[in-house]
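Given next are the chains, with one letter for each unit.
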Amino acid sequence: MQSELLNQVKAYFMALQDTICQGLEAADGSAKFIEDNWQRAEGGGGRTRVTTNGTVIEQGGVNYSHVFGASMPWFGNSAQTRACRAQLSCVWCVVSYSP
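Because the structure is a prediction, the values reported are computed rather than measured.

Draft legend 1. Layout of the packing of aromatic side chains. Overall, the coordinates contain 1 aromatic pair when judged by the stated rule. Ring geometry for Tyr12 versus Phe13: centroids 5.4 Å apart, planes at 75°, classification edge-to-face.

This is the structure we're talking about:
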């Protein structure tokens with residue numbers, strides 16, 4: 001069961017991804033982002049958006065992820081994480097590009 005706060009955070013980051021992609025496309029003039037929706041077997045998923053060969057942006061990506069589960073790969077060696085039985089949830093948006 002997802003909390004209302006988690007739903008608000010997810011909606012915020014997905015809208016932020018939309019806004020960033022639209023702004024970069026407008027600023028570049030010819031860049032178009034291609035979207036790939038993905039699912040994580042352990043829980044969650046995301047939207048990866050990439051663009052190549054724009055007028056200004058040679059390559060770029062704006063990615064949204066929400067992953068969850070009993071443990072996360074980057075926390076795998078943490079004794080505190082292994083001891084914790086609570087479900088972990090991470091939401092983020094990442095922007096990378098090369099002019």
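Moving on, there is more to tell.
Draft legend 2. Just unusual backbone geometry, in detail. Unlike most non-glycine residues, Asn53 shows phi in positive territory, near 60°. Tracing the chain through its elements places Asn53 in the loop between β2 (44-52) and β3 (59-69). Residue Asn53 is classed as exposed on the basis of its relative accessible area, which comes to 66%.

Draft legend 3. Spotlight on the confidence of the model for the protein. Looking at the protein as a whole, the pLDDT averages 80, with 74% of positions reaching at least 70. Taken element by element, the predicted model of the protein shows its lowest mean pLDDT in helix α2 (residues 79-83) (49) and its highest in strand β1 (residues 34-39) (95). Across residues 81-85, where pLDDT falls below 50, the model places 5 contacts with residues more than four positions away in sequence or in other chains.

Draft legend 4. Representation of helix α1 (residues 4-28). Over its 25 residues, α1 runs 36 Å from end to end, which matches the ideal 36 Å to within 8%, given 1.5 Å per residue. Leu6, Lys10, Gln17, Cys21 and Asp28 are the residues of α1 that are buried. One or two positions beyond α1, positive phi appears at Gly29, with a value near 95°.

Draft legend 5. Up close: the pattern of salt bridges. Taken as a whole and judged by the stated rule, the model has 4 salt bridges. For the salt bridge of Asp18 with Arg49, the shortest nitrogen-to-oxygen distance reads 2.9 Å. Taken together, the positions of Asp18 in helix α1 and Arg49 in strand β2 put the pair 31 residues apart, joining distant regions of the chain. For Arg49, a relative accessible area of 10% gives the class buried. With a closest N to O distance of 2.7 Å, Arg49 and Glu35 form a salt bridge. Highlighted residues: Arg49 in strand β2 and Glu35 in strand β1, separated in sequence by 14 residues. Judged by relative accessible area, which is 36%, Glu35 ranks as partly exposed. Several salt bridges share partner residues, and in doing so they unite Asp18, Glu35, Arg47 and Arg49 into one network.

Draft legend 6. Molecular detail of the pairing of β2. In terms of strand pairing, β1 meets β2 through 6 bridges, oriented antiparallel. Considered in β2, the bridge of Asn37 is made with Arg47. Hairpin remark: β1 followed by β2, antiparallel, with 4 residues in the connecting loop; positive phi at Gly43, about 135°. In this sheet, β3 lies alongside β2 in antiparallel orientation, the contact comprising 9 bridges.

Definitions and cut-offs
- Residues numbered from 1 in each chain as written.
- Predicted model: local features only at pLDDT ≥ 70, side-chain atom pairs only at ≥ 80, totals over all residues.
- Heavy atoms only, no water.
- Phe/Tyr/Trp six-rings, centres within 6.5 Å; stacked < 30°, edge-to-face > 60°.
- Helix = DSSP H or I, 4+ residues; strand = E, 2+ residues; numbered from the N terminus.
- Buried < 20%, exposed > 50% of the residue type's maximum accessible area, 1.4 Å probe, protein only.
- pLDDT = per-residue confidence, 0-100.
- Contact = heavy atoms within 4.5 Å.
- Expected span 1.5 Å × (residues − 1).
- Salt bridge = Lys/Arg side-chain N within 4 Å of Asp/Glu carboxyl O.
- Pairing = 2+ DSSP bridges.

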